[in-house]
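Residue-level structural notes
Each chain, letter by letter, is given below.
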Amino acid sequence: MSSPSDKLRVAIIGAGAVSDYHHVPALAIDPRAELVAVCDTSEALLAQRKADWGIDRVTTDAEALCADPSIDAVIVATPNFTHKPISLAAAAAGKHIMCEKPLGLNAVEVREMYTAARDAGVVHMTAFTYRFAPAMRYIKQLVQAGDLGEPRHFRSQRFLDWPETSWGWRQYKETAGAGDLYDMTIHRIDFAVDLLGPLKSISGAVARFAPRELTADGQACPPSDVDDWSAILGEFTSGATGVWEGTTLAKGYERGGFGHEWAEINGSEGSVVYRLHEPNTILRGKTGHDLAPEQVPPELLKPAGSPRDPSQGEPATVFRYDLVWEFVSAIVEGRQAVPSFYDGLCAQVIADAALQSHAERRWVDISDEPK
Ligand SMILES: NC(=O)c1ccc[n+]([C@@H]2O[C@H](COP(=O)([O-])OP(=O)(O)OC[C@H]3O[C@@H](n4cnc5c(N)ncnc54)[C@H](O)[C@@H]3O)[C@@H](O)[C@H]2O)c1
């Protein structure tokens with residue numbers, strides 16, 4: 001960090017929806033960092049972001065931005081097929097990297113990204129947003145403290161009611177890798193492994209229902225070739241079982257745009273539930289009692305030191321700012337970020353195994369990834 005203001009100089013690569021939704025607002029409240037440059041291949045969007053985000057320095061050349069010595073760190077929020085070349089360029093130039101999920105189009109790509117970032121000695125982080133939900137943080141503490149007894153079952157549902165028009169780059173294997181599996185279920189794979197440890201073996205399935213041959217404004221486009229439903233059945237190394245289901249075609253699951261998200265653990269002594277639309281509360285129950293709401297303790301509503309006021313804003317949105325807080329904290333504290341590219345790799349290996357399982361109609365064993 002050698003800017004005149006002594007702040008960490010961060011560039012955003014990919015000025016689309018997710019950067020606008022939470023990466024830019026998160027940087028704006030972090031006194032240790034500043035957004036100094038923005039890259040996007042769309043000149044029109046860059047012109048708009050100059051006004052939206054109050055930024056002067058914009059470029060369409062991601063690799064040149066990565067090589068720029070006046071940048072300390074990059075946030076990669078571009079379509080999935082571009083994550084690898086951009087992250088490799090950033091690692092080669094010694095930049096710290098937070099990259100959106102899925103890290104790549106398959107685990108082979110992601111292994112290369114992880115190895116490059118690790119060997120370059122930079123901080124690397126995968127943007128697995130939902131690890132930062134206060135309810136998720138509280139559940140992790142309860143699991144680690146043994147309050148649920150022995151975790152036996154993990155269960156995750158992510159149901160969205162999205163239009164059946166084109167998903168743009170998201171609807172092609174060439175640019176996205178997979179559909180719902182890589183877009184939504186991969187987050188749930190990540191937090192399940194974070195809570196219950198590694199998976200030993202899985203059986204997966206995907207399905208496509210919507211052709212998506214029209215854009216939202218009625219223009220014809222090539223049909224989708226990715227899944228809009230995905231499911232996994234898994235055995236954890238611990239012996240626990242896991243069941244995941246995700247879809248973007250669940251009619252009636254609007255819930256203010258946040259859709260339905262439910263993830264739970266049933267342990268030998270009790271059950272706990274995380275719901276995205278109530279991220280500051282868990283449901284908790286034990287034998288003889290129904291599940292009942294319980295507030296997340298105040299100290300877990302945000303990371304220590306964060307300037308974010310948990311009483312402000314839409315709870316299901318604002319916890320996402322804590323991703324950038326963790327990325328910047330790891331850099332200024334000289335430690336690795338959590339979740340790292342390694343975690344992104346472990347989740348991608350499992351997602352790929354789900355596709356393999358579906359294609360080959362069989363269970364697939366998951367092997368450990370070398371660190
Ligand atoms: N962590 C989360 O919760 C979360 C949420 C939404 C999206 N995402 C991920 O974030 C990424 C971006 O998603 P989005 O919804 O913002 O997509 P988007 O299409 O809205 O934005 C992507 C932007 O990248 C730009 N772009 C494309 N190629 C580029 C390149 N080579 N260099 C620079 N810019 C380039 C596009 O012009 C576009 O503006 C995806 O990987 C997606 O899976 C993660």
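Within every chain, residues take consecutive numbers counted from 1 along the sequence as written. Only residues with pLDDT of 70 or above have their local features reported here, since the model is predicted, and side-chain atom pairs are shown and tallied only from 80 upward, although totals for entire chains, interfaces and linings are computed over all residues. Hydrogens and water molecules were not included; the side-chain quantities draw on all heavy atoms of the structure.

1. Quick look at the sheet that holds strand E7 (residues 151-159)
One requirement defines pairing of two strands: DSSP has to find at least two bridges between them. Put simply, DSSP H or I for four residues or longer makes a helix, DSSP E for two residues or longer makes a strand, and each gets a number counted from the N terminus. Spatially, E14-E13-E12-E11-E7-E10-E9-E8-E15 is the arrangement adopted by the nine strands of the open sheet, whose pairing is mixed. The sheet is open, and its two borders are formed by strand E14 (292-295) and strand E15 (364-365), each paired with just one other strand. Throughout, a residue-residue contact means that at least one pair of heavy atoms, one from each residue, lies within 4.5 Å. The convention used is that axes are lines fitted to C-alpha atoms, helices contributing only their stretch in contact, and that angles between N-to-C directions extend from 0 to 180 degrees. Sheet contacts for helix H6 (residues 134-144): E7, strand E11 (260-267), strand E12 (271-275), strand E13 (281-285) and E14; angle to E13, the most-contacted strand, approximately 35°. The strands touched by helix H11 (residues 341-360) within the sheet are strand E8 (199-207), strand E9 (229-236) and E15, with E8 carrying the most contacts at an inclination of about 60°.

2. A few points about the site of the ligand
Neighbouring the ligand are 24 residues, the closest being Asp40, Asn80, Glu100, Thr129 and Arg170. In protein, a polar contact requires one atom able to donate a hydrogen and another able to accept it; more generally it is a pair of N or O atoms within 3.5 Å, and residues adjacent in sequence count only if both atoms are side-chain atoms. Within the side chain of Asp40, a nitrogen or oxygen atom sits 2.5 Å from an oxygen atom of the ligand. Note that accessible areas follow from Shrake-Rupley with a 1.4 Å probe, and for residues the cover is restricted to the protein chains shown. In the complex, the protein chains occlude 82% of the 840 Å² of accessible area that the ligand would expose alone. Secondary-structure elements contributing two or more residues to the shell around the ligand are helix H1 (17-28) and helix H8 (180-196). We call a residue near a molecule or strand as soon as one heavy atom of that residue lies within 4 Å of the molecule or strand.

3. Re the domain arrangement of the protein
When the domains of the protein are assigned, the result is domain 1 (8-128) and domain 2 (130-319 + 347-360). Listed per partner, the contact involves 18 residues of domain 1 and 23 residues of domain 2. Note on domain 1 versus domain 2: buried area summed over both sides is about 1500 Å², and carbon and sulfur give 63% of it. Salt bridges, as used here, are contacts in which a Lys or Arg side-chain nitrogen is within 4 Å of a carboxyl oxygen on Asp or Glu. Applying the counting criterion to the domain 1 and domain 2 interface returns one salt bridge. Across the pair Asp183 and Lys101 runs a salt bridge, and its minimum N-O distance is 3.3 Å. Of the residues forming the side of domain 1 that touches domain 2, the biggest block, three residues, is contributed by helix H5 (residues 107-120). Amino acids outside the nonpolar list (Ala, Val, Leu, Ile, Met, Phe, Trp, Tyr, Cys, Pro) and the charged list (Asp, Glu, Lys, Arg) are all regarded as polar, and Gly is one of them. A breakdown of the residues in the side of domain 1 that touches domain 2 according to their chemical character gives 13 nonpolar, three polar and two charged. Domain start and stop positions are those given by an automatic or database domain assignment. In this description, buried area is defined as the sum, over both parts, of the accessible area (probe of 1.4 Å) that is lost when the two are combined.

4. Focus: the packing of aromatic side chains
For Phe, Tyr and Trp, where Trp contributes only its six-membered ring, two rings pair if their centres lie within 6.5 Å, and the inter-plane angle classes them as stacked under 30 degrees, edge-to-face over 60, or tilted in between. Scanning the entire structure with this criterion turns up eight aromatic pairs. Ring geometry for Phe154 and Phe191: centres 6.2 Å apart, planes at 65°, overall edge-to-face. Here Phe191 lies in helix H8 and Phe154 lies in strand E7, a separation of 37 residues in the sequence. Exposed residues in this analysis have more than 50% of their type's maximum accessible area, buried residues have under 20%, and partly exposed residues fall in between, with area computed by a 1.4 Å probe over protein chains only. On the basis of relative accessible area, Phe191 is assigned to the buried category, the value being 1%. Judged by centre distance (5.5 Å) and plane angle (80°), the rings of Phe159 and Tyr253 are edge-to-face. Residue Phe159 is located in strand E7, and its partner Tyr253 is located in the loop between strand E10 (241-247) and E11; the two are separated by 94 residues in the primary sequence.

5. What to know about the pattern of salt bridges
Applying the stated rule across the entire model yields 25 salt bridges. One salt bridge connects Arg212 with Asp228, and the closest N-O pair in it is separated by 3.4 Å. Here the residue Arg212 occupies a position in the loop between E8 and E9, and Asp228 occupies one in the loop between E8 and E9, the gap between them amounting to 16 residues. Across the pair, exposure class does not vary: Arg212 and Asp228 are buried alike. One salt bridge connects Arg335 with Glu326, and the closest N-O pair in it is separated by 2.8 Å. When its relative accessible area of 31% is taken as the criterion, Arg335 is described as partly exposed. A relative accessible area of 12% means that Glu326 is categorised as buried. Each of Arg131, Lys140, Asp190, Asp194 and Asp343 takes part in salt bridges that share partners, so that together they form one network.

6. Considering the packing of helix H4 (residues 83-92) against H5
Relative to each other, H4 and H5 sit at 10°, their axes nearing to 9 Å. Judged by the angle between their axes, H4 and H5 are roughly parallel. As for how H4 packs across H5, the hand of that crossing is left-handed. Listed contacts from H5 to His83, Lys84, Ser87, Leu88 and Ala91 of H4 are Glu109, Glu112, Met113, Ala116, Ala117 and Ala120. Residues belonging to the contact of H4 with H5 are distributed by class as follows: six nonpolar, two polar and three charged. Here roughly perpendicular refers to angles of 65 to 115 degrees, roughly parallel to angles under 35, roughly antiparallel to angles over 145, and oblique to all remaining angles. Two helices that cross are described as forming a left-handed crossing if the nearer one is turned anticlockwise from the farther one by less than a right angle, and a right-handed crossing if clockwise.

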